[in-house]
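# Structural description and commentary
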Amino acid sequence: MRTLLILLFVITLPLSSAAQDDSALQPGAWALQFQITENFTLSDFQGSVVSVKYHSSAKSAWRAGLGMDFYSRSDTRSDIDAGVSVPVLSDEFTRTAAELALQYVRYANPDARVVFLFGGGPFFGFDNRAVDRDSGNGSTSVQEFDRWSVGISGIAGVEWLVASRIGIHAEYGFAYEY
């Protein structure tokens, strides 16, 4: 990770002298947010499939992130004990989840190259999990769990404006979920 940050710094250093006439922190500016992980792989930001930011002024912005997860797994197994076949066991597991996070972000010094930011906002989530189990001897069971969540999150960090339309930032966050 440190190598990635150093490489990004070296690549973007010549861009840092670019004029800020068309700055990313101007009112009406939009940003698509993502993170770059190991081996230059793009990954989600803020736990989301997509995260966007809209600047309502030079000192404030709104972030929205939508996260979704779909997962399905099917297992079938048969045990053989001392030459006697035990019934076939079959499990099917599915998960469907979604989360929407909204945050208000405030910039303390929007005219600087390195900008301090803080903010927070609500998030809402839904998670459904289902397990369908067939024991092989005629008995089946279905278990389904629904989970709704609501919470509040907060952030504090810095954003480095390496070019007029590119910012790299680091932030610490917390969340309280009910």
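Just above, that's the structure.
The next point concerns the environment of Glu99. Tracing the backbone through its elements, the reader meets Glu99 in strand β8 (residues 89–107). Along the chain, Glu99 and Gly65 lie 34 residues apart, while their C-alpha atoms are 8.0 Å from each other. If we skip the residues at most four places from it in the chain, Glu99 touches Gly65, Leu66, Gly67, Phe123, Phe124 and Gly125.

As enumerated under the stated definition, the model contains 7 salt bridges in all. Residue Asp127 pairs with Arg95 through a salt bridge whose shortest N-O separation is 3.1 Å. Of this pair, Asp127 sits in strand β9 (residues 114–134) while Arg95 sits in strand β8; the two residues are 32 residues apart in sequence, bridging distant segments of the chain. Accessibility expressed as a relative area gives 22% for Arg95, which makes it partly exposed. Between Asp127 and Arg129 there is a salt bridge, with the nearest N and O atoms lying 3.1 Å from each other. For Asp127, a relative accessible area of 6% translates into the label buried.

Turning to the environment of Thr94, a few remarks are in order. With respect to the secondary-structure elements, Thr94 resides in strand β8. As for Thr94 and Ala130, which are separated by 36 residues in sequence, their C-alpha atoms are 5.4 Å apart. Contacts of Thr94, omitting those with residues within four sequence positions, involve Tyr71, Ser72, Asn128, Arg129 and Ala130.

Within the largest apolar cluster, 8 residues are counted, these being Leu25, Ala61, Val105, Tyr107, Val115, Leu117, Ile155 and Leu161. Residues within four places of Val115 in sequence aside, it is in contact with Leu25, Tyr107, Asn109, Pro110, Gly157, Val158, Glu159 and Leu161.

Below, the discussion takes up the side chain of Arg63. By the secondary structure assignment, Arg63 is in strand β5 (residues 60–77). By relative accessible area, which is 4% here, Arg63 ends up buried. Separated by 2.6 Å, the side chains of Arg63 and Gln103 make a polar contact. A polar side-chain atom of Arg63 sits 3.1 Å from a polar atom in the side chain of Glu171.

Turning our eyes to something else, we now look at the packing of aromatic side chains. This model, assessed by the stated rule, comprises 5 aromatic pairs. Arranged with centres 5.9 Å apart and planes meeting at 35 degrees, the rings of Phe116 and Phe118 form a pair that is tilted. Its relative accessible area of 38% is what places Phe118 among the partly exposed residues.

About the cut-offs
- Residues numbered from 1 in each chain as written.
- Predicted model: local features only at pLDDT ≥ 70, side-chain atom pairs only at ≥ 80, totals over all residues.
- Heavy atoms only, no water.
- Helix = DSSP H or I, 4+ residues; strand = E, 2+ residues; numbered from the N terminus.
- Contact = heavy atoms within 4.5 Å.
- Salt bridge = Lys/Arg side-chain N within 4 Å of Asp/Glu carboxyl O.
- Buried < 20%, exposed > 50% of the residue type's maximum accessible area, 1.4 Å probe, protein only.
- Core = buried A, V, L, I, M, F, W, Y, C linked by side-chain atoms within 4.5 Å.
- Polar contact = N/O pair within 3.5 Å; in protein donor to acceptor, adjacent residues only side chain to side chain.
- Phe/Tyr/Trp six-rings, centres within 6.5 Å; stacked < 30°, edge-to-face > 60°.

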